[in-house]
Structure formats: structure tokens, C-alpha cells
Amino acid sequence: MYKSFNADNPYRSITLVFVLLSSVPIINLFLWKFDQISYITLWGLFGFFVISIFFTLRTYQQTWATLLFLATVLIVMLHSATLGWDARSIWLYHAKVIFYENSLYATLKLDSFTGHADYPVGFSALAASLVKLLNSWNEVYPKSATWPFMAAPLLLITNNLQENKKIIIFLCLLVLSCGKYIANGYMDVLVALYILALLIVLQNISQQSSTKKYLTNHFLFILVFCLAFNLLNLKNEGMAAVIIIGVLSLFWLPPKQRTIVVISFGFSLFVYLFTWKIPVLNAGLSIGLFNSQSISQLIDRVTNLNELGLILVAFIKNISLGLGMLAIAHINSKSTNYKIIPPFPIIFLALYVGLLFTIYIITPHDLRWHLSSSANRTLMPVNIGLMFFALKAFDIKR
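Residues numbered from 1 in each chain as written. Predicted model: local features only at pLDDT ≥ 70, side-chain atom pairs only at ≥ 80, totals over all residues. Heavy atoms only, no water.

A.B. asks: Quick rundown of the overall build of the protein? Include the residues and the values.
C.D. replies: Per the secondary structure count, the protein includes 18 helices and 0 strands. Classification of the 398 residues of the protein by burial places 56% in the buried group. A separation threshold of at least 6 residues defines the contact pool for the protein, and within that pool the share at least 24 residues apart is 81%. Counting only carbon and sulfur atoms, one obtains 66% of the accessible surface of the protein, whose full area is about 17,200 Å². (Helix = DSSP H or I, 4+ residues; strand = E, 2+ residues; numbered from the N terminus. Buried < 20%, exposed > 50% of the residue type's maximum accessible area, 1.4 Å probe, protein only. Contact = heavy atoms within 4.5 Å. Areas by Shrake-Rupley, 256 points an atom, 1.4 Å probe, with all protein chains shown as cover.)

So this is what it looks like as C-alpha cells:
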């Protein structure tokens, strides 16, 4: 199932690399949480990251396409400051506030609607730490904090494709569908990659005995926790995704693995509530999207065919690449009994689309503006998920 360069224990070696890489943002967040940010701790964390990169290169040396892609992305990130509005006004602005105020919770003083103070600060905290190593704020380097978040799930995803030609195709499709959002400080590509990585891991657990053999209970717990906790700390959509996937796990996974996965999801949610959501609630903040007019907005738009049509057209447009790949894969594999998208991922993707549809129905913003400014980003998990599973269908032996 997975290519690995540890023949005795393939899945575990890959899991170890993933845990090393993905734990960097988690450790950083807790350093900020418990006021342990100093040059000593930050340089120690940087050293840990370098060691993680060393193990990554050693384990993934044959997955050269992904490594080359990640190196290129890092170079692009360091080339110029981001011009994206949300990236500058939310994620990087939060990083600047954390940096200057020297507090993880300084952003809670911002306005909840215009400053998006309720948004998770996993990326912003890591960006602030990066700038602290430089000892002064910089408009270019902070956005490269997305790189440690991106490397772990992308390596896990592409390694699952097994063949370099499929990896290259997937990376090309990723660039084609996400474009500038890969390297300009937005969180949407990261959200999509972490969701897909979770779906892949859990789908493999539900179907393949080799995963159960190599992925011991504690490795499974840590792997799911790292995926879920980083996803939670990227955007508010992450919490919805984790809850949906966690609930689906109750019905889909084998009993033993189901217990471990659900406990891991529950623990990640508990820690997230402790580190972020409870402080947000204590600060009296609320999600700006929901207000007293949400119900009346829902009723008005549900009965307005024109506005429902706007949402439907925007959704189809922004997942058209994934749908096209799915159609090609279906034609290619119609002579087999293989299900292009297994039930677990397809149910999640359908529920996630339904959630986004509901959000756009109740949005207090002008619907045309909201769709044009965000639908291409919010639908990335669906589009990328469809592309991956369609491409995976070509693995079927004839």
C-alpha cells in the first residue's frame, strides 16, 4: 500500500516521519500557550525541525517529485510578500499581533467580525516564532510557516499514490486547481491536504490488513491526533471536518481501530477546546458568520431559486476539475467492480458539501461577492479529494 524504505516496517517508518514533521507546529503552539517562548526553546524547536527534515529525506528519497515540489514551494514563499487580502489581514496580521504582544491570546482583543479574532492561530503562532528567530518583523518570511504544515500531509498523500508518475500528475493537478494559494499564506490548501490525509489513513485502516499489522495502537493514536489537531488549528472549518470524520469513524472502522481513532479524535478536540475555543468563549467572541438574522436568511434563500442556482453553479464550477477526473477514472475502470471513491470518503465529501452549502445560504454577506471571493478556496477539500481518489482508481490491476 505504501512505498517505504524500511522493508521490515513500512507504514511505521512513514508514520514516524509524519509525526516528526507535524509535531513542530503542535510543540510551538504549546510553547506559546505556556509562555515558554525564548531563543533557547525556539532554536531547540528549529533543531528538531532540521532533524525531522533529515529523516524525511532519508525515508522519502525515492519520492523525488514531492521533495522537489516542496523545495520549489519554499523558494516561491521566500521570494516576495503576499498580496492576498485574507492572508495579510487575518493570518499574517494575527502573527504580527502575537509577535509584538508576545502572547498567543493577544488576537482575542481584536474585533470578532473585522479582525476575525475567533480564527485559530496555529499558523500565526508558528509564523510569529519564525520572526522571533529573526528578531524583527518581516513581510516576506512569516508566510513560509505554512511549509511545515504542508510537508507532512503532502508526503503522506503522495506516498499513498505509490508511483512517481501518479505523484507528478497529482502535484500538477494541485497546482492547476489551487494555484497561488499554495504559497501565499492562505490556509485553505492546508485544510484540504489535512482532510485528505485523514480520509486516506482511515480508509486504509478500514480496508487493508497491512495497515493493521504495521500501525500499532499508539502509532495510530498519535498519527490521528497530529492530523486532527493541526487541522483544528488552521481554520474553523477544521473543527467541522474533524467532527464529521470522527462520527463517520464510529460506523465505518473495525471495532478495535474505531475505539482508538475515536478516542484520538476526542482527545484532539478536548485539547483544542482547552488551548483555543474556551479562551475564545471567555473573551465573549462569536463567529461573525452567525447572527440573529441567520434563520430568516436561511428561509429567504431556500425559497429563492435564483440564489440557490448561484450557489449550485459556483460549486460545480469550482469542483469541475475533480468531477472531470472522476469521469475519466470511471470510464477507465468501468470494466471492474472497483468503486472509484470508497464509501467512507464519498460520504464525508457529500456532508462537507452540504455544510458549505448551508454556510453560503445563511451568509450575512452579499451572496455573489461571498461566492466569488471564497468558493474556490472553501471547496478545495472536495476538489482535491475527488482528484486524488480518481487518480487512485488507476492503480487497479487489470
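Still more ground to cover, so stick around.
A.B. asks: Can you break down helix H11 (residues 236–252) residue by residue, with the values?
C.D. replies: Taking 1.5 Å of rise per residue, 17 residues should cover 24 Å, and H11 covers 25 Å from first to last C-alpha, within 8% of that figure. Regarding H11, the residues found buried are Asn236, Glu237, Gly238, Ala241, Val242, Ile244, Ile245, Gly246, Leu248 and Ser249. Contacts from the buried residues of H11 go to helix H8 (188–207), helix H10 (217–232), helix H12 (255–282), helix H16 (343–362) and helix H17 (367–378). (Expected span 1.5 Å × (residues − 1).)

A.B. asks: I'd like a rundown of the packing of H8 against H10, residues and numbers included.
C.D. replies: Remark: H8 packs on H10, axes separated minimally by 9 Å, with the N-to-C direction vectors making an angle of 155°. If you check the angle between H8 and H10, you find them roughly antiparallel. Of the two elements, H8 crosses H10, and the hand of that crossing is left-handed. On H10, the residues touching Val191, Tyr194, Ile195, Ala197, Leu198, Val201, Leu202 and Ile205 of H8 are Leu220, Leu223, Val224, Cys226, Leu227, Ala228, Asn230 and Leu231. Split into classes, the residues belonging to the contact of H8 with H10 amount to 15 nonpolar, 1 polar and no charged. (Axes fitted to C-alpha atoms, helices over the stretch in contact; angles between N-to-C directions. Parallel < 35°, antiparallel > 145°, perpendicular 65-115°, else oblique. Left-handed = near helix turned anticlockwise from the far one by under 90°. Nonpolar A, V, L, I, M, F, W, Y, C, P; charged D, E, K, R; others polar.)

A.B. asks: I'd love a proper account of the confidence of the model for the protein, names of residues and values included.
C.D. replies: Averaged over the protein, the pLDDT score is 86; the fraction of residues at 70 or greater is 88%. When mean pLDDT is compared element by element in the protein, helix H14 (residues 305–318) scores highest at 95, while helix H9 (residues 209–214) scores lowest at 48. Considering only residues more than four positions removed or in separate chains, one finds that residues 1–10, a stretch of pLDDT under 50, has 32 contacts. (pLDDT = per-residue confidence, 0-100.)

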